[in-house]
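# Chain and residue survey
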Amino acid sequence: MRSLTTIIIFLFGTIFLSHSQEKVLFFQTDWGNALSMDKFCERTKASGYDGIEIWFPWDAKKQVALKTALKKHGLLVSFLHGTNKGLPFEASLEQYKKGLQTLMEWKPVFVNCHTGSDFFTESQNAAFIEAANAISATHKIPVYHETHRGRFSYSLPETSKYLSSIPELKLTLDISHWMAVHESLLQGKDELLKPVINKSHHIHARVGHPQGPQVNDPKAPEWANALKRHVDIWEQIIRKGWKEHQGVFTVTTEFGPADYMPTLPYTRTPLSDQWEANVFMMKVIKERLNLN
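First, a word on what this report is: a plain description of the structure on this page. (Residues numbered from 1 in each chain as written. Predicted model: local features only at pLDDT ≥ 70, side-chain atom pairs only at ≥ 80, totals over all residues. Heavy atoms only, no water.)

## Section: the sheet that holds strand β6 (residues 171-173)
Taken in spatial order, the 8 strands of this closed barrel run β1-β2-β3-β4-β5-β6-β7-β8, and their pairing is parallel. Along the sheet, successive strands turn relative to each other by an average axial angle of 30 degrees, direction set aside. Of the pairings in the sheet, the one linking strand β5 (residues 143-146) to β6 comprises 2 bridges and is parallel in character. Each bridged residue has a counterpart across the sheet, and for His145 the counterpart in β6 is Leu171. The strands that helix α2 (residues 37-46) touches are β1 (23-29) and β2 (51-55); relative to β2, the one it contacts most, it runs at about 140 degrees. (Pairing = 2+ DSSP bridges. Helix = DSSP H or I, 4+ residues; strand = E, 2+ residues; numbered from the N terminus. Axes fitted to C-alpha atoms, helices over the stretch in contact; angles between N-to-C directions. Contact = heavy atoms within 4.5 Å.)

Pasting the structure below:
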């Protein structure tokens, strides 16, 4: 069996955790960020996060700014990556593989992929998953495939097919998408969810509901049932992950900006504060797991 130190270095660079400590590493999304990278990372660190999740900046100056800010503020990085659905399958697959190889050179904690398309065939989507898994194995950096509308994983039944046919498939669970797709909180679907929970290695913590993928304010009492349903599922995944990864799991808080965040008409004023919503999600998870 690999030592704890080896596992932590494999997953999280130079972070060291004791054998008895159970920890969640929290990542803040840069979705909608309007700050400089330095200021964004400064605020992220001050809010109690361990890292950021970001689409890779292909501009050279932005790459320098990212690397500088991460080092200055002592933050980890995870990258988002995705299939370009606007290209024909073969061209899209080559672009996907080439881009993923580039990300690996940065040695992120992990890569979270928006993989495939709901308009691709099952074999085409499988080609993206298998290519990512091969690159992940070569570089020993995890690649997770996010449950997401518009992708191969847009629904619970569809994702279940891929879990059956590709045993190596590792998921990022963003179950808020499925709440909207299935117009429910997936009550009575716990048996179908078991394989998903078993294959989920990262979480996007956002609260959805039967009419959409993001509630207007997770603190509002009218969303208490939706919040509880999400946290109940997340807790199962995190506790499973602790057993598999010697007490370490990762979560990205991912409430989005306007117009993903519901807004007032005409002014497009967000109905709540995105940053506060994300910090609240981190607080709720910590409280549920007694991590404070």
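## A closer look at the pairing of strand β3 (residues 76-82)
Among the 7 residues of β3, 7 are classified as buried, and the element is accordingly described as predominantly covered. Burial of the side chains of β3 extends over both faces: Leu76, Ser78, Leu80 and Gly82 are buried on one face and Val77, Phe79 and His81 on the other. As paired strands, β2 and β3 are joined by 5 bridges and run parallel to one another. Within β3, the residue paired with Ile52 across the bridge is Val77. Strand direction decides the pairing type here: β3 and strand β4 (residues 111-114), joined by 4 bridges, are parallel. (Buried < 20%, exposed > 50% of the residue type's maximum accessible area, 1.4 Å probe, protein only.)

## Thoughts on the environment of Gln274
Counting through the fold element by element, Gln274 comes out in helix α10 (residues 274-288). On the basis of relative accessibility, which here comes to 18%, the residue Gln274 falls in the buried class. For the pair Gln274 and Gly32, spaced 242 residues apart in sequence, the C-alpha to C-alpha distance is 9.0 Å. Setting aside anything within four residues of it in sequence, one finds Gln274 in contact with Thr29, Trp31, Phe255, Gly256, Pro257 and Met261.

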